[in-house]
Amino acid sequence: MFWVLLLLLAWAAAGTACTRLCLASVRAAAADDTHTHAGRGLTLYEAAFLSGGPARVADLTLVSMARQRRLLLAHTGWATVVDPRGRDEMERSVLGAIGPDGQSRIAPVRTSAAAAEAVRVLADRLVAAGLAVPDGARTTVAGTVQQVRSAAAAVLVLAAVALLMPAQGQHERALVAVWFTLPLILTMSCLAIARIEVHPYTRWASPAGQHLLSSLTHRADPDSDDRTYLTTVAVRGIRAVGEPNLRAAFGHREPHL
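Along each chain, numbering runs from 1 in the same order as the chain's sequence is written. Where totals are concerned, whole chains, interfaces and linings use all residues; where local detail is concerned, this predicted model gives features only for residues with pLDDT of at least 70, and gives and counts side-chain atom pairs only at 80 or more. Working from all heavy atoms in the structure, the side-chain values ignore hydrogens and water.

Undergrad: Now, about the nonpolar core: what can you tell me, with residues and values included?
TA: As a rule of thumb, nonpolar side chains are buried together in soluble globular proteins. Nonpolar cores were defined as sets of buried Ala, Val, Leu, Ile, Met, Phe, Trp, Tyr and Cys residues, with membership established by side-chain atoms within 4.5 Å. Partly exposed describes any residue whose relative accessible area lies between the buried limit of under 20% and the exposed limit of over 50%, with all areas from a 1.4 Å probe on protein chains only and scaled to the type maximum. Within the largest apolar cluster, 49 residues are counted, with the highest numbers of intra-cluster contacts made by Phe49, Leu50, Val63 and Leu73. Secondary structure elements with two or more residues in this core: helix H2 (44–67), strand E1 (71–73), helix H3 (89–98), helix H4 (106–114), helix H5 (117–128), helix H8 (207–219), helix H9 (226–236) and helix H10 (244–251). Contact between two residues is taken to exist if any of their heavy atoms lie within 4.5 Å; hydrogens are not considered. Apart from residues lying up to four places away in sequence, Leu73 is in contact with Leu62, Ala66, Trp78, Ala79, Ile106, Leu246, Ala249 and Phe250. In terms of nonpolar packing, the next biggest core, distinct from the first, is built from twelve residues, Leu6, Ala14, Val155 and Phe180 among them. Segments assigned H or I by DSSP are reported as helices when at least four residues long, segments assigned E as strands when at least two residues long, and all are numbered from the N terminus.

See below:
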């Protein structure tokens, strides 16, 4: 009857992991329910962050300045300042990343602008509004899902060990299989529910943020006015840029020395 001890271990692993996942999901859902967003719109920077995080905000700022001819982005991967006056904190972060010489490789500018204080302030504001997923909540939910997967694997291993134990008749092996199936069903059910309930969380946007983004996506038309064009870039990224030379500027990679 040593397999009973293994069964208890399987139940302990499955029960603990599933309980943690449920608690994490409830906390994440409660955080969303504490905010109301009726009538709220999104700025271009907010849409960019919710769609692609800090890097998307940096890309949007560069594209916006390039379309206004205040920044030249060469297909060779260089950015050149035309107008050194930033109109907001994001643009000033980009200009600061380029440096006093007025010219720099685009790749380090994107990296520096994405890590700027202006982007962190934007992120904090979106988290406080319930539109962005806090780092802690995102990590907690993802971590507990992984724990449930590990628990399911552990149940299978323990079941295999129990079934391979000697001195067991056919009837007892069938009984062992049935009992180990129960914690396995528990873990797989939790994973299935988590995929339905937790899967809508993206890397950056909460369900409320995704709802606002979806309205922007439905209205976005890259062939329309400049703001709609930039909205498309904010939501879809550099792949929405229509100009081949501008796309090439962002696709350029630093040479390996």
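Undergrad: Got a sec to walk through empty space enclosed by the protein? Specific residues and values, please.
TA: With a 1 Å grid laid over protein atoms only, a set of points is called a cavity when a 1.4 Å probe fits there but cannot get out and a pocket when it is open yet has protein on both sides within 12 Å along at least five of seven lines; lining residues have an atom within 4 Å of a point. Grid points are joined across faces, edges and corners, and a volume is the space filled by probe spheres set on the points. Enumeration over the complete set of coordinates arrives at one cavity of 30 Å³ or more. Around the largest cavity sit Val57, Ala58, Thr61, Met90, Ser93, Val94, Ala113 and Val119, which together line it. Listed by contribution, the elements that provide at least two residues to the lining of the largest cavity are H2 and H3. A class-by-class count of the residues in the lining of the largest cavity yields six nonpolar, two polar and no charged. Under the grouping applied here, Gly and all other residues not named as nonpolar or charged are polar, the nonpolar ones being Ala, Val, Leu, Ile, Met, Phe, Trp, Tyr, Cys and Pro and the charged ones Asp, Glu, Lys and Arg.

Undergrad: So what's going on with H2? Which residues, and what values?
TA: Relative to the 34 Å expected for 24 residues at 1.5 Å per residue, H2 spans just 15 Å between its end C-alpha atoms, considerably shorter than the ideal helical length. Burial analysis of H2 places 19 of its 24 residues in the buried class, the great majority of the element. Immediately downstream of H2, the backbone of Arg69 shows phi near 60°, a positive value. The span you would expect from a helix comes to 1.5 Å times its residue count less one.

Undergrad: If you had to explain the packing of aromatic side chains to someone new, which residues and values would you point to?
TA: We call Phe, Tyr and Trp rings a pair once their centres come within 6.5 Å, taking the six-membered ring for Trp, and we label the pair stacked below 30 degrees between planes, edge-to-face above 60, and tilted otherwise. Under the criterion given, the structure shown has one aromatic pair. The aromatic ring of Tyr229 is capped on one face by Arg67, whose charged end is 3.8 Å from the ring centroid. Only when the NZ of Lys or the CZ of Arg is both within 6 Å of the ring centre and within 35 degrees of the ring normal is a charge said to sit over the ring.

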